[in-house]
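# Understanding the architecture of this molecule
So you can see what is in the structure, the chains are spelled out below.
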Amino acid sequence: MNLQEKLHQLEQQALSEIKQTDNLDKINEIRVHLLGKKGPITEILRGMRDLPKEQRPQIGSFANTVRDELTAAIAKQKEQVELILNSKKLEHEAIDVTLPGVPVKAGTPHIIMQVIDQIEKLFLGMGYQVVDGPEVEEDHYNFEMMNLPKDHPARDMQDTFYITDQILMRTQTSPVQARTMEKHDFSAGPLKMISPGKVYRRDTDDATHSHQFHQVEGLVIDKHVTMADLKGTLEKIAQTVFGAKRQIRLRPSYFPFTEPSVEVDVSCFKCGGEGCQVCKQTGWIEVLGAGMVHPNVLKMAGVDPQIFGGFAFGLGPDRFAMLKYGVDDIRDFYLNDVRVLEQFSQKE
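To keep things clear, this report deals only with the structure shown in the data block. (Residues numbered from 1 in each chain as written. Predicted model: local features only at pLDDT ≥ 70, side-chain atom pairs only at ≥ 80, totals over all residues. Heavy atoms only, no water.)

Counting 43 residues, the largest nonpolar core has Leu234, Val287, Leu288, Phe313 and Phe320 as its most contacted members. Sorting the residues of this core by element identifies helix 5 (111-125), strand 5 (212-222), helix 8 (227-242), strand 7 (258-267), strand 8 (284-293), strand 9 (309-315) and helix 10 (317-325) as the ones contributing at least two each. Among the elements that make up this core, the one with the highest residue count is helix 5 (seven residues). When near neighbours in sequence (up to four residues on either side) are disregarded, Leu234 contacts Ile248, Leu250, Val264, Leu288, Ala290 and Phe313. If you look at the next biggest cluster of nonpolar residues, it comprises 21 residues, including Leu191, Leu219, Phe255 and Val303. (Core = buried A, V, L, I, M, F, W, Y, C linked by side-chain atoms within 4.5 Å. Buried < 20%, exposed > 50% of the residue type's maximum accessible area, 1.4 Å probe, protein only. Helix = DSSP H or I, 4+ residues; strand = E, 2+ residues; numbered from the N terminus. Contact = heavy atoms within 4.5 Å.)

Here you go:
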């Protein structure tokens, strides 16, 4: 049997074996065996050295044809086997789309964020801007710009976490107001803003106190702003959060950054003002502090108190949420206990 006949016989046997193979690993073994450097084609071609020179081109050309046909046959069979295997896999892993789906449990914003969102929507509707600021703040903006110079006794009420002598975790969101007043162009119009965010004070955590809590502070600076404007704004807050029938009362108080200053009470939404356990039989619940912006605060921000005045207020969304939803322990908001948090769905 000459070389060409051997190549032809090898080709027929290999094609038959390739067509009968339905295993990818076996196909790869056939490829390596037939076309590798130590394969039968290479062995046969080594016998070409014994052929006359005039026969070598013909045998070489035929050998290349056989190699190409086997290569193509292997590739085709591999593709067919892969298609069959993929079809079986898809059939095995098929999903019956007629079966009922697994419901995805939808979450809800945290209760404190719900209260903040409600307050933000109220003030955005009244033309206020919502301004954020740094939680790591300078003593200059946190205290001094709020009319609390060094060694002022009122600083003890806001004992906080100091990073350096001049850098601290802010005790209130008022520094955002000071920064905004410095930048605001009052020739272009009044400043109406709220500044929500987290604040920090060194405190002993218990049912009503936390070393970290939230504030929303508001500020209006314009010409001819009066206490009546402040009262109307505070009534709107109370009625939006606690109900349309709520009334407020103002009691004289002291804050270094406002003068005059007031504590704000809202008529009890539990008993309607008749007296109950929630309001401690008084008919009123203290909810926030406010007042007219102190002239010193305006001066330090570069605002002329002879021309401009304004009011400011500060409320705690944590306290609002506790009062509104009857939560008796502020720590429940921060434990990430789903059993507690899932009770509060988004209120629009």
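Note: disulfide means a covalent bond formed between the sulfur atoms of two cysteine side chains. What the rule picks out here adds up to zero disulfides. No disulfide involves Cys271; its nearest neighbouring cysteine sulfur is the one of Cys268, lying 3.6 Å away. Left without a disulfide partner, Cys279 is nearest to the cysteine sulfur of Cys271, which lies 3.7 Å away. (Disulfide = S-S within 2.5 Å.)

Further remarks concern the environment of Gly133. Its location among the elements puts Gly133 in the loop between strand 1 (129-130) and strand 2 (136-138). For the pair Gly133 and Leu191, spaced 58 residues apart in sequence, the C-alpha to C-alpha distance is 16 Å. Beyond its immediate stretch of four places on either side in the chain, Gly133 contacts Arg170 and Val176.

Between its terminal C-alpha atoms helix 5 stretches 21 Å, which fits the 21 Å expected from 15 residues at 1.5 Å a residue. Taken together, the buried positions of helix 5 are Ile111, Ile112, Gln114, Val115, Ile116, Ile119, Glu120, Leu122 and Phe123. Looking at the buried positions of helix 5, the neighbouring elements they touch are strand 1, strand 4 (191-200), strand 5, helix 8, strand 9 and helix 10. One or two steps after helix 5, the chain reaches Gly127, where phi turns positive at roughly 90°. (Expected span 1.5 Å × (residues − 1).)

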